[in-house]
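Descriptive structure summary
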Amino acid sequence: MSSTTSSNGAGTGTMPGSYEELCAAHRWEVPARYNIAADVCDKHPRGKLAMVWERFDGTRRDLRWGELQDLANQAAHALRAHGVEQGDRVAVVLPPTPETAAVFFGTWKLGALLLSMSVLYGDDGIRHRLSDAEPRVLVTDRANAHRFDHPRVLVLDEGLLDGAPTSHVSTDTAADEPAQLYYTSGTTGLAKGVVHAHRYLLAHVEFEYCHDIRDGERFHGMGEWAWAAGIAPLLGPWRLGAVQCVYQREGGFDPHRQLDFLSRHEVTNVFTTPTAMRAMMTVEDAGRSYPQKFRIVCAAGEPLNPEAIRWFRREYGVTVLDYYGLTESYPLCANFPFMEVREGSMGRPMPGWDVQILDEDERPVPPGERGEICLRARSNPHYPLGYWRNEEAAREDFGGEWFHTKDAARQDEAGYVWYQGRADDVIISAGFRIGPFEVESACLEHPAVAEAAAVASPDDVRGHVVKAFIRPAEGHEPSDALGEDIKAFVRSRLSAYAYPRKVEFVDDLPKTLTGKIRRIELRQRELASSA
């Protein structure tokens with residue numbers, strides 16, 4: 001139903017002989033009518049294994065598709081009983097469980113839009129998304145229900161699905177109808193909601209071309225089910241017949257527990273992040289302590305440093321395949337199992353994606369020269385419908401001939417793309433996109449802060465962390481205690497991943513003649529101090 005991948009050999013173990021052959025054979029085939037739940041959930045035989053789920057305390061459940069399909073239908077009936085109709089938004093704040101996946105499918109079965117949010121979001125981040133998206137209901141658990149001021153909070157673990165019918169529910173949706181709402185941060189303003197149609201899943205050919213998913217093999221994705229890099233690795237492999245091995249963590253990422261989970265469940269295909277890989281590198285003698293059966297391991301979310309690739313190859317005999325993309329369109333470039341990996345490169349443009357390195361006038365730059373990674377607009381099924389209730393921003397970003405990623409790169413003579421940094425001020429930390437405006441706004445709400453600027457600061461584990469430069473308000477003196485208080489304040493209001501992990505007090509901030517803060521000057525200062 002997506003690209004003509006079966007003839008290319010993806011998922012069959014007979015990959016094409018060259019990148020050029022793959023690009024020549026690729027075709028987009030998007031049906032007029034398409035629904036994610038029907039393609040990912042409903043089509044599988046009821047007796048086939050769908051998920052192996054394990055919680056941090058050792059609790060385990062093995063679910064076959066019949067059980068998950070029943071749960072999905074129950075979720076659809078329960079949501080409908082609470083007023084959800086086609087076109088409504090369903091907000092979800094839940095850990096990764098079979099019932100959470102069922103709520104996702106139930107939402108799409110009704111033709112509604114899914115807005116899945118991270119439990120890491122602070123109250124302000126949640127409040128903005130709820131105010132902007134205006135979901136019909138918010139589905140959460142007992143542990144988080146107290147956080148939300150919403151007229152219809154549905155608590156999943158208080159029997160929401162109990163007694164709901166299992167009879168089949170489906171809505172005949174067009175491939176172009178909205179299905180998913182992701183919020184992504186920019187350099188100015190609050191996070192914007194990217195609206196994706198049902199067809200966007202059909203463009204996630206990385207699971208065919210990079211992961212080479214095989215029917216029945218065990219897959220694990222390390223991304224949280226609140227971002228494209230968490231939801232796509234759930235849906236894409238399932239669509240192709242993989243068994244999802246899901247681990248519900250107790251708190252933050254624990255490399256020992258993660259490797260132990262993968263080892264015990266004999267996972268062969270993995271999606272990870274460079275930050276998770278760097279955490280695993282701290283495990284002594286990992287390959288011997290936690291033997292694996294990895295066949296394919298891919299990573300995305302931030303640049304993958306060569307040292308991490310070499311460590312993984314040394315410990316597990318697998319070359320990690322890096323790929324690159326944004327919430328708006330993902331992935332644009334990739335490394336493939338049949339192609340030479342040049343360590344440090346994000347690979348070559350994904351077949352079917354017209355990706356070019358352009359200058360400021362949207363003209364291709366010569367090989368080896370720095371330019372901006374751009375995607376030809378409306379050239380593949382992943383292209384967004386727009387920004388939620390923000391037509392002006394949608395026209396600016398999506399209305400022209402090219403979508404500008406604001407990521408700088410160069411392309412070598414062989415076509416490999418090499419990341420050169422951000423062309424704007426967005427901070428990428430541990431794979432999370434963090435808008436400086438949101439961090440600065442949260443800092444300014446602290447009574448001791450007169451001015452604030454947030455930039456990326458190099459970090460060995462996360463790649464970069466958020467650093468806030470603070471000019472104290474009158475009557476407040478800089479101190480370590482005040483810095484820690486500002487960190488905790490922003491963390492509670494924004495999120496557990498976007499708060500400033502570093503704070504530096506300054507007498508003044510560099511500004512343009514019109515009074516805008518020159519973040520670029522602060523970024524350069526950080527790079528120089530870490531060199």
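Keep in mind it's a predicted model, so treat the numbers as computed, not measured.

1. Brief notes about the environment of V52
With respect to the secondary-structure elements, V52 resides in strand β1 (residues 49–55). Residues contacting V52, with those up to four places away along its chain left out, are R60, R61, D62, R218, V243, Q244, C245, V246 and H265.

2. So, helix α16 (residues 519–530)
Compared with the 16 Å implied by 1.5 Å per residue over twelve residues, the 17 Å span of α16 between its first and last C-alpha is a close match. What α16 keeps buried is the set R519, L522 and E526. Projected onto a plane normal to the axis of α16, the buried residues spread over an arc of 65° and lie on a single side.

3. Some thoughts on the sheet that holds strand β17 (residues 371–376)
In spatial order, the strands read β16-β17-β19-β20; together these four strands make up an open sheet with antiparallel pairing. Of all the strands in the sheet, the pair left with one neighbour each is β16 (355–358) and β20 (417–422). On average, each strand axis in the sheet is tilted by 50° relative to the strand beside it, whichever way the strands run. Both strand β19 (residues 402–411) and β20 contribute to a ladder of five bridges, which runs antiparallel. Residue pairing for β20: D407 is matched across the bridge by R422.

4. Some words on the sheet that holds strand β11 (residues 269–272)
With respect to topology, nine strands assemble into an open sheet ordered β2-β1-β10-β9-β11-β12-β13-β14-β15, the strand pairing being mixed. Either end of the sheet is taken by a strand with one partner, and the two such strands are β2 (60–64) and β15 (348–349). Sheet topology note: the strand β9 (residues 218–221)/strand β10 (residues 243–248) ladder contains two bridges and is parallel. Paired with F219 across the strands is Q244, a residue of β10.

Definitions and limits used
Residues numbered from 1 in each chain as written. Predicted model: local features only at pLDDT ≥ 70, side-chain atom pairs only at ≥ 80, totals over all residues. Heavy atoms only, no water. Helix = DSSP H or I, 4+ residues; strand = E, 2+ residues; numbered from the N terminus. Contact = heavy atoms within 4.5 Å. Expected span 1.5 Å × (residues − 1). Buried < 20%, exposed > 50% of the residue type's maximum accessible area, 1.4 Å probe, protein only. Arc of directions from axis to C-beta. Pairing = 2+ DSSP bridges. Axes fitted to C-alpha atoms, helices over the stretch in contact; angles between N-to-C directions.

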